[in-house]
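Chain and residue survey
The lines below spell out each chain.
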Amino acid sequence: MTRFFRCAAPSVYRRSDFLMITVETPEMTPQLMRDAHDLLRNFDVVIGATTDGGWYAFGLREPTHAADLDTTSDSTALTLAALRLGLRVALLPTLPAVR
């Protein structure tokens, strides 16, 4: 399963989106990264799932939401948690899990 990262709640004084990409994603292309960044203009959260249930990309339009989302969970649980918070979620294409 994909390695996960725990987001610490950042001290944010201005709006600044961020996108985390796991290092074990050989199929990640520059175009896919641009797509993820573009989606953050219209959605609060961007998630790219892997076929093993993990995720390869996780983006937040407003990083202050990081404290409310447990990125150690699988992609489905992470998506549901974001939706429960009322956040608008965009999904990137599912990529194969790295073994």
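Residues numbered from 1 in each chain as written. Predicted model: local features only at pLDDT ≥ 70, side-chain atom pairs only at ≥ 80, totals over all residues. Heavy atoms only, no water.

**Examining helix α2 (residues 75-84)**
Along α2, the residues that are buried comprise Ser75, Leu78, Thr79 and Ala82. One side of α2 carries all its buried residues, which in axial view fall inside an arc of 100 degrees. Along α2, the residues that are exposed and aim more than 90 degrees away from the buried face are Thr76 and Arg84. Next to the buried residues of α2 lie β2 (45-50), β3 (55-60) and β4 (89-95). Measuring from the side-chain oxygen of the N-cap residue of α2 to the backbone nitrogen of Thr76 gives 3.0 Å; that N-cap residue is Asp74. (Buried < 20%, exposed > 50% of the residue type's maximum accessible area, 1.4 Å probe, protein only. Helix = DSSP H or I, 4+ residues; strand = E, 2+ residues; numbered from the N terminus. Arc of directions from axis to C-beta. Contact = heavy atoms within 4.5 Å. Polar contact = N/O pair within 3.5 Å; in protein donor to acceptor, adjacent residues only side chain to side chain.)

**So, the nonpolar core**
Where a protein is soluble and globular, its nonpolar side chains tend to be buried together. Membership of the largest hydrophobic core is limited to 12 residues, which are Met20, Val45, Ile47, Trp55, Phe58, Leu60, Ala66, Leu69, Leu78, Ala82, Leu87 and Val89. Going through the elements one at a time, β2, β3 and α2 are the ones with two or more residues in this core. The leading source of residues in this core is β3, at 3 residues. Leave out the neighbours within four places in its chain, and Val89 touches Phe43, Val45, Ile47, Thr79, Ala82 and Leu83. (Core = buried A, V, L, I, M, F, W, Y, C linked by side-chain atoms within 4.5 Å.)

**Focus: the sheet that holds β2**
With mixed pairing, the 4 strands of this open sheet are ordered in space as β1-β3-β2-β4. Here the strands that pair on one side only, and so sit at the sheet edges, are β1 (18-21) and β4. Strand-to-strand twist of the sheet, defined as the mean angle between neighbouring strand axes without regard to direction, takes the value 10 degrees. In the sheet, β2 pairs with β3 via 5 bridges, with the strands oriented antiparallel. Residue pairing in the sheet places Ile47 in a bridge with Phe58 of β3. On top of the sheet, helix α1 (residues 30-39) reaches β1, β2, β3 and β4; it is set at about 165 degrees to β4, its chief contact. Its contacts with the sheet place α2 against β2, β3 and β4, and it is angled at close to 160 degrees to β2. (Pairing = 2+ DSSP bridges. Axes fitted to C-alpha atoms, helices over the stretch in contact; angles between N-to-C directions.)

**Topic: the side chain of Thr79**
Here Thr79 lies in helix α2. Residue classification places Thr79 among the buried residues on the basis of a relative accessible area of 15%.

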